[in-house]
Amino acid sequence: GAGVSQTPSNKVTEKGKYVELRCDPISGHTALYWYRQSLGQGPEFLIYFQGTGAADDSGLPNDRFFAVRPEGSVSTLKIQRTERGDSAVYLCASSLTRGMNTEAFFGQGTRLTVV
Amino acid sequence: AQSVTQLDSQVPVFEEAPVELRCNYSSSVSVYLFWYVQYPNQGLQLLLKYLSGSTLVKGINGFEAEFNKSQTSFHLRKPSVHISDTAEYFCAVTLNNAGNMLTFGGGTRLMVKP
């Protein structure tokens, strides 16, 4: 597919468990972004990658959240010791570069439910 | 830090009527402004953006928005809506050195009725 792909589309986990959410960006896109969208709210920025490195992780809420992009393509968002408040839709976006003239394309998100 | 306020959480409108979705932002420095649309069960899609130049920006699907610096607003308009425009609309801003690290508003649900 040509778009940003996120897997799984839905994830239900028990409180305290560890989860991984995957994002496959558009091929060739160097910039990758993670956002979190809670029910009834707009997306909130979590972390931004330029290539393999996390250029800005100022949006990660605490140290239970971590993301990697080891080869500069696929990214994984990892959440340890999940809490019910982590329930949200996690969105991934990618853009060709970090410049403002390049559009960010969003995936359909992973809906995480912590029970 | 910048912030975005979308004043209306829901806007009901009849088909073929005009619509305006309001967006106000606050920032101590210059920002870039965006409108995104989210159709049911789909990802966010860019409608239009303001980076510089003309304050009236035209986007896809007949939408346009006007940047008003003195009122710190970026309202979205369409002269005649269709049933297919029913969706959630998000206004967003970013700083000029922040790439696509966007700050979003809370969203406005546009409900077009026949």
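Okay, so let's go over this structure. Keep in mind it's a predicted model, so treat the numbers as computed, not measured. (Residues numbered from 1 in each chain as written. Chains lettered and ligands numbered in written order. Predicted model: local features only at pLDDT ≥ 70, side-chain atom pairs only at ≥ 80, totals over all residues. Heavy atoms only, no water.)

What follows is about the side chain of B:Gln38. Position of B:Gln38 among the secondary structure elements: in strand β5 (residues 31-38). With residues up to four places along the chain from it excluded, the contact list for B:Gln38 reads A:Gln37, B:Gly43, B:Leu44, B:Ala87, B:Glu88 and B:Phe90. (Helix = DSSP H or I, 4+ residues; strand = E, 2+ residues; numbered from the N terminus. Contact = heavy atoms within 4.5 Å.)

Take the packing of aromatic side chains next. All names here are of chain A. Applying the stated criterion across every chain, the model contains 12 aromatic pairs over all chains. With a centroid separation of 5.9 Å and 70° between ring planes, the pair formed by Tyr35 and Phe45 is classed as edge-to-face. Of this pair, Tyr35 sits in strand β4 (residues 31-37) while Phe45 sits in strand β5 (residues 44-50); the two residues are 10 residues apart in sequence, bridging distant segments of the chain. Accessibility expressed as a relative area gives 16% for Phe45, which makes it buried. (Phe/Tyr/Trp six-rings, centres within 6.5 Å; stacked < 30°, edge-to-face > 60°. Buried < 20%, exposed > 50% of the residue type's maximum accessible area, 1.4 Å probe, protein only.)

All names here are of chain A. Taken in spatial order, the four strands make up an open sheet running β1-β3-β8-β7, and their pairing is antiparallel. Both outer strands of the open sheet, β1 (5-7) and β7 (65-68), are each paired with one neighbouring strand and no more. Strand-to-strand, the axes of this sheet are offset by a mean angle of 15°, without reference to chain direction. Of the strand pairs in this sheet, strand β3 (residues 19-24) and strand β8 (residues 75-79) are connected by five bridges, and their pairing is antiparallel. Within the sheet, the bridge partner assigned to Glu20 lies in β8 and is Lys78. (Pairing = 2+ DSSP bridges. Axes fitted to C-alpha atoms, helices over the stretch in contact; angles between N-to-C directions.)

Once that is clear, we can look at the pairing of strand β6 (residues 53-56) of chain A. Consecutive side chains of a regular strand alternate in pointing toward one face of the sheet and then the other. Residue and element names in this part refer to chain A. As paired elements, β5 and β6 share three bridges and run antiparallel to each other. Bridge pairing in β6 places Tyr48 opposite Asp56. If you look at the hairpin formed by β5 and β6, you'll find two residues sitting between the two strands, and Gly51 has a positive phi there, around 70°.

What follows is about the pattern of salt bridges. Taken as a whole, this structure holds nine salt bridges over all chains when the rule is applied. Linking B:Asp8 and B:Arg22 is a salt bridge whose minimum nitrogen-to-oxygen distance equals 3.0 Å. With B:Asp8 in the loop between β1 (3-5) and β2 (10-14) and B:Arg22 in the loop between β3 (19-21) and β4 (24-26), the pair connects residues that are 14 residues apart, well separated along the chain. Of the charged contacts in the structure, one is a salt bridge between B:Lys58 and B:Glu64, with a shortest N-O distance of 2.8 Å. Within this structure, A:Arg64, A:Glu83 and A:Asp86 form a network of salt bridges that share partners. (Salt bridge = Lys/Arg side-chain N within 4 Å of Asp/Glu carboxyl O.)

In this structure, A:Pro8 follows A:Thr7 across a cis peptide bond, with omega equal to -10°. By secondary structure assignment, the location of A:Pro8 is in the loop between β1 and β2 (10-13). Phi at B:Asn41 takes a positive value of approximately 60°, unusual for a residue other than glycine. Summarising the element assignment, B:Asn41 is placed in the loop between β5 and β6 (44-50). Of note, the phi angle at B:Asn61 is positive, near 60°, even though the residue is not glycine. The residue B:Asn61 is located in the loop between β7 (56-58) and β8 (64-68) in this model. With a relative accessible area of 39%, B:Asn61 lands in the partly exposed category.

This part covers the interface of chain A and chain B. Contacts between the two partners involve 22 residues from chain A, matched on the other side by 22 residues from chain B. Of the roughly 1700 Å² buried between chain A and chain B, counting both surfaces, carbon and sulfur atoms make up 57%. Taken together, the links from chain A to chain B amount to zero salt bridges. Linking chain A with chain B are one residue pair in polar contact (both at pLDDT 80 or more), by the criterion used here. Only β4, β5 and β9 (88-95) of chain A provide two or more residues apiece to the side of chain A that touches chain B. The dominant element in the side of chain A that touches chain B, judged by the number of residues it contributes, is β4(A), at three residues. When the residues that make up the side of chain A that touches chain B are grouped by side-chain class, the tally is nine nonpolar, 10 polar and three charged. (Buried area = accessible area lost by both parts, 1.4 Å probe. Polar contact = N/O pair within 3.5 Å; in protein donor to acceptor, adjacent residues only side chain to side chain. Nonpolar A, V, L, I, M, F, W, Y, C, P; charged D, E, K, R; others polar.)

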